[in-house]
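Close look at the chain arrangement
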Amino acid sequence: GVHFGSSRASVAALRAPAGGAQLRMATARRNLDEALRSVQGLRTVPEHAREEAEERTWEQLRQALREARMQPLALSCVPEGEAAATLRFLAAWAAKRRVLRAKVAEGLRVLFGDAGWLRAARGDAELLASLEPLLPVPERPLPARAGPGPSGAPAEGGGCQPEAPAPEDSALRREVRGALELLTSALEALRRFDWAFPPESSQNTDRDGAVDAFRNLFLGISRLSVAARRAGTDRARKGQIALALEAHSADWPGVLRFLADLHRHRRVFSSQVSSVVAKLTELSPAFEHVLEEAPEAELLGPSAAAAAGAGPEPAAAAASRATEASPPAAALPERARAERAVF
């Protein structure tokens, strides 16, 4: 196997799938290891160079955690001391750069998906207290610490034995496949509209086609979100969903343009647009990155801004509030009522 260092698990130990997925796993773990080394290196940085070094370390960690969100097994088998030091850095960084608190909290959410990182957070009362204002540390039961490997020998990676893959769930696989088919159909249609909601015209039915495409987008993303929840604590399955969405990452800027256009021209869909933005942000790190940089985040309202980390309001709460703000059906024109009925 390819080793990441004496205290690291190998790619083989992480049980990464073969081919391109194995390469992505190796890359995610290598980048995480580099970020962790940067955290450790901060102890010897002179005071005059510390701010710049901390900035570089944060950017390394941020990128590594984006990748780990898609390759969650890359977080496995990090020594507890290194994990605790990294969590302390994140807590201190959020206190120093308060504007980044939401982004730090999102990184913690990724890390706490792994039992080892969660154990490191709970193992130090002072660290736990510093993390709680950013993100409540989950209280779920933790598996027993991994013991020796076969024949009493220490397991590869310093005694860490990664979790075995969960049994295949054929129903979940079918659900994900169906959702991705809806998503692919929607993206193909929106591409034909050049990622814009068609102008009003009595000569064609382009707007009907665009609404149908949005319906497929909404249903596909909603079903993927349900599938991710059904996967529960199975981080490998959630990672597979994220990887499937990664194939569409080049389309996310266009999707945002269409959603902003639809939001402007058909306010009746505001809650559904907010829902798509919030769910895609949860499911796709690539979409989240595009949203952070996109001017459409402002046009899409508070839910998109919150999802991008630009405000304190959680995306789910904002989406709920957007639903409440939608006008009652009786106050809508006949065409708008018909469009709302699609959902």
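Let me sum up the structure you'll find in this document. (Residues numbered from 1 in each chain as written. Predicted model: local features only at pLDDT ≥ 70, side-chain atom pairs only at ≥ 80, totals over all residues. Heavy atoms only, no water.)

So, the nonpolar core
The biggest cluster of nonpolar side chains holds 41 residues, and the ones touching the most others in it are Leu-183, Phe-214, Leu-217, Leu-224, Trp-252, Phe-258 and Leu-259. Of all the secondary-structure elements, those providing two or more residues to this core are helix 7 (170–192), helix 8 (206–230), helix 9 (235–246), helix 10 (252–265), helix 11 (270–283) and helix 12 (285–293). Take this core: its biggest share by element is 10 residues, from helix 8. By size, the runner-up hydrophobic cluster in this structure holds 36 residues, among which are Ala-53, Phe-89, Leu-111 and Ala-121. (Core = buried A, V, L, I, M, F, W, Y, C linked by side-chain atoms within 4.5 Å. Buried < 20%, exposed > 50% of the residue type's maximum accessible area, 1.4 Å probe, protein only. Helix = DSSP H or I, 4+ residues; strand = E, 2+ residues; numbered from the N terminus.)

Here's the deal with unusual backbone geometry
Of note in this structure, Asp-194 is not a glycine but carries a positive phi near 55 degrees. Looking at the secondary structure, you find Asp-194 in the loop between helix 7 and helix 8.

Quick notes on the environment of Phe-258
One can find Phe-258 in helix 10. According to the relative accessible area criterion, Phe-258 is buried, its value standing at 0%. Sequence-wise, Phe-258 and Phe-193 are 65 residues apart; in three dimensions their C-alpha atoms are separated by 9.0 Å. Beyond its immediate chain neighbours, meaning those up to four positions away, Phe-258 contacts Leu-190, Trp-195, Ala-196, Phe-197, Ala-210 and Phe-214. (Contact = heavy atoms within 4.5 Å.)

Focus: helix 4 (residues 101–111)
An α-helix turns once per 3.6 residues; consequently, residues spaced three or four apart project the same way. Among the residues of helix 4, those classed as buried are Lys-103, Val-104, Ala-105, Gly-107, Leu-108, Val-110 and Leu-111. For helix 4, the elements touching its buried residues are helix 2 (47–70), helix 3 (80–96), helix 5 (115–122), helix 6 (125–131) and helix 12.

Here's the deal with the side chain of Ser-284
When you line up the elements, Ser-284 lands in the loop between helix 11 and helix 12. In terms of polar contacts, Ser-284 uses its side chain to reach the backbone amide nitrogen of Phe-287, at 3.0 Å. Non-local contacts of Ser-284, meaning those with residues more than four positions away in its chain, are made with Arg-69, Leu-245 and Trp-252. (Polar contact = N/O pair within 3.5 Å; in protein donor to acceptor, adjacent residues only side chain to side chain.)

With respect to the pattern of salt bridges
Opposite charge on two side chains permits pairing when their charged atoms draw close. Taken as a whole and judged by the stated rule, the model has 18 salt bridges. Glu-292 serves as the salt-bridge partner of Lys-103, at 3.2 Å between the closest nitrogen and oxygen. Of this pair, Lys-103 sits in helix 4 while Glu-292 sits in helix 12; the two residues are 189 residues apart in sequence, bridging distant segments of the chain. Salt-bridge contacts for Arg-266 lead to Glu-200; the nearest nitrogen and oxygen are separated by 3.8 Å. On the criterion of sequence distance, the pair formed by Arg-266 in the loop between helix 10 and helix 11 and Glu-200 in the loop between helix 7 and helix 8 is long-range, its members being 66 residues apart. The exposure class of Arg-266 is buried, given its relative accessible area of 13%. By sharing partners, the salt bridges in this structure join Arg-62, Arg-66, Lys-103 and Glu-292 into a single network. (Salt bridge = Lys/Arg side-chain N within 4 Å of Asp/Glu carboxyl O.)

Some details on the packing of aromatic side chains
Enumeration according to the criterion identifies six aromatic pairs in this entry. The interplanar angle of 50 degrees and the centroid separation of 5.7 Å between the aromatic rings of Phe-214 and Phe-269 together place this pair among those described as tilted. Pair noted here: Phe-214 is in helix 8 and Phe-269 is in the loop between helix 10 and helix 11, with a separation of 55 residues, a long-range link. A relative accessible area of 0% places Phe-269 in the buried class. Taken together through their ring pairs, the aromatic side chains of Trp-58, Phe-89 and Trp-93 make up a single cluster. (Phe/Tyr/Trp six-rings, centres within 6.5 Å; stacked < 30°, edge-to-face > 60°.)

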